[in-house]
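# Examining the three-dimensional arrangement
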Amino acid sequence: MAGNDSFTKILLHFDGTDTSTTITDDNAGGSAHTWTANGNAQLDTGITKYGSATLLCDGTGDYVTTPDHADFTLGSGDWTVDCWFNRAGGDGALRRLAGQSDSTPTSSSTSLSIAVNASNVIIVSAGGGAALVTAVGTTAFTATGWHHLAGVRTGNVLKLFIDGVQEGGDVALVGTVNDSANAWSVGRRGEATATTWNGSLDEFRLSVGVARWTANFTPPAPYR
């Protein structure tokens with residue numbers, strides 16, 4: 001399936017010159033979203049996966065963010081969130097990779113959250129009202145190195161794939177995901193200031209209306 005298409009609502013290649021804070025959203029399926037770099041979040045040409053650079057965050061308040069938009073409404077249909085990540089440190093500490101929520105996130109104020117938890121595994125959570133629905137990975141990441149993650153809703157099931165292999169089994173996700181009115185951030189969970197990401201990120205994409213993968217797959221090349 002094409003990587004940048006009508007379903008693509010966020011697409012951040014994180015390309016540019018070293019230390020730049022200009023973040024371009026290349027999505028083909030949504031509006032033009034303006035992303036603002038905060039803290040020391042910046043493009044880095046020294047640790048790259050694809051293209052000229054990646055997003056570098058040092059774990060102390062670094063993130064990029066954009067205001068809420070109708071493009072980000074997940075509803076009750078299929079969706080996919082995926083990216084490449086490279087962890088720099090923080091073994092045994094919760095680190096939020098991306099998401100949409102208010103400053104004191106709860107199950108009812110969160111739309112989507114991606115993190116490495118205290119067990120060093122990837123978790124993808126969607127807000128379903130009374131409780132967060134979470135797919136929990138099994139691979140522990142305690143060292144640097146590039147890996148691909150994908151959180152996929154297909155029907156009433158939430159799946160998590162690491163490097164193209166499903167981990168954690170099928171998790172029931174029934175009904176409508178919360179429609180948060182808060183900012184979408186990469187490097188932290190929405191507007192929550194704690195436990196920001198420490199490491200590098202590349203090719204971050206949110207796709208609404210499609211489950212891009214429902215079985216094991218080969219991680220994709222850049223979505224150009």
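Residues numbered from 1 in each chain as written. Predicted model: local features only at pLDDT ≥ 70, side-chain atom pairs only at ≥ 80, totals over all residues. Heavy atoms only, no water.

Tallied over the full model, the rule gives 3 salt bridges. Linking Asp170 and Lys159 is a salt bridge whose minimum nitrogen-to-oxygen distance equals 2.8 Å. Taken together, the residues span a long stretch of sequence, with Asp170 in strand S13 (residues 165–172) and Lys159 in strand S12 (residues 157–162) at a distance of 11 residues. (Salt bridge = Lys/Arg side-chain N within 4 Å of Asp/Glu carboxyl O. Helix = DSSP H or I, 4+ residues; strand = E, 2+ residues; numbered from the N terminus.)

A separate point is the environment of Thr19. Here Thr19 is to be found in the loop between strand S1 (8–12) and strand S2 (36–38). Sequence-distant contacts of Thr19, defined by excluding residues within four places in its chain, comprise Gln42 and Leu43. (Contact = heavy atoms within 4.5 Å.)

This model, assessed by the stated rule, comprises 7 aromatic pairs. Considering the side-chain rings of Phe72 and Trp184, the 6.4 Å spacing of their centres and the 65 degrees angle between planes classify their relative orientation as edge-to-face. You can see Phe72 sitting in the loop between strand S5 (63–66) and strand S6 (79–87) and its partner Trp184 sitting in strand S14 (residues 184–186), a full 112 residues away along the chain. On the accessibility criterion, Trp184 (1% relative accessible area) is buried. Seen in terms of ring centroids, Phe161 and Phe217 are 5.3 Å apart; in terms of plane orientation they differ by 65 degrees. Their pairing is edge-to-face. Highlighted residues: Phe161 in strand S12 and Phe217 in the segment after strand S15 (198–208), separated in sequence by 56 residues. Each member of the pair, Phe161 as well as Phe217, is classed as buried. The ring centre of Tyr50 lies 5.3 Å from the NZ or CZ of Lys49, which sits over that ring. For Lys49, the ring lying beneath its charged end belongs to Trp84, and the centroid distance is 4.2 Å. (Phe/Tyr/Trp six-rings, centres within 6.5 Å; stacked < 30°, edge-to-face > 60°. Buried < 20%, exposed > 50% of the residue type's maximum accessible area, 1.4 Å probe, protein only. Lys NZ or Arg CZ within 6 Å of the ring centre and 35° of its normal.)

Bringing the side chain of Arg188 into the picture now. Relative to the helices and strands, Arg188 is located in the loop between S14 and S15. There is no salt bridge for the buried Arg188, and the closest opposite charge comes from Glu191, which lies 6.2 Å off by N-O distance. Among the polar contacts made by the side chain of Arg188, one reaches the main-chain carbonyl oxygen of Gly190 at a distance of 2.8 Å. Not counting residues within four places of it along the chain, the set of residues in contact with Arg188 comprises Tyr63, Arg96, Leu97, Ala98, Gly99, Thr193 and Thr196. (Lys, Arg positive; Asp, Glu negative; His and termini not counted. Polar contact = N/O pair within 3.5 Å; in protein donor to acceptor, adjacent residues only side chain to side chain.)

Core analysis: the largest hydrophobic core is formed by 42 residues, its most contacted members being Phe14, Leu97, Val186 and Phe204. Apart from residues no more than four positions distant in its own chain, Leu97 is found in contact with Cys83, Phe85, Ile114, Ala115, Leu149, Val186, Gly187, Arg188, Trp197, Leu201 and Phe204. Judged by nonpolar contacts, the second largest core, of 8 residues, contains Phe161, Ala211, Phe217 and Tyr223. (Core = buried A, V, L, I, M, F, W, Y, C linked by side-chain atoms within 4.5 Å.)

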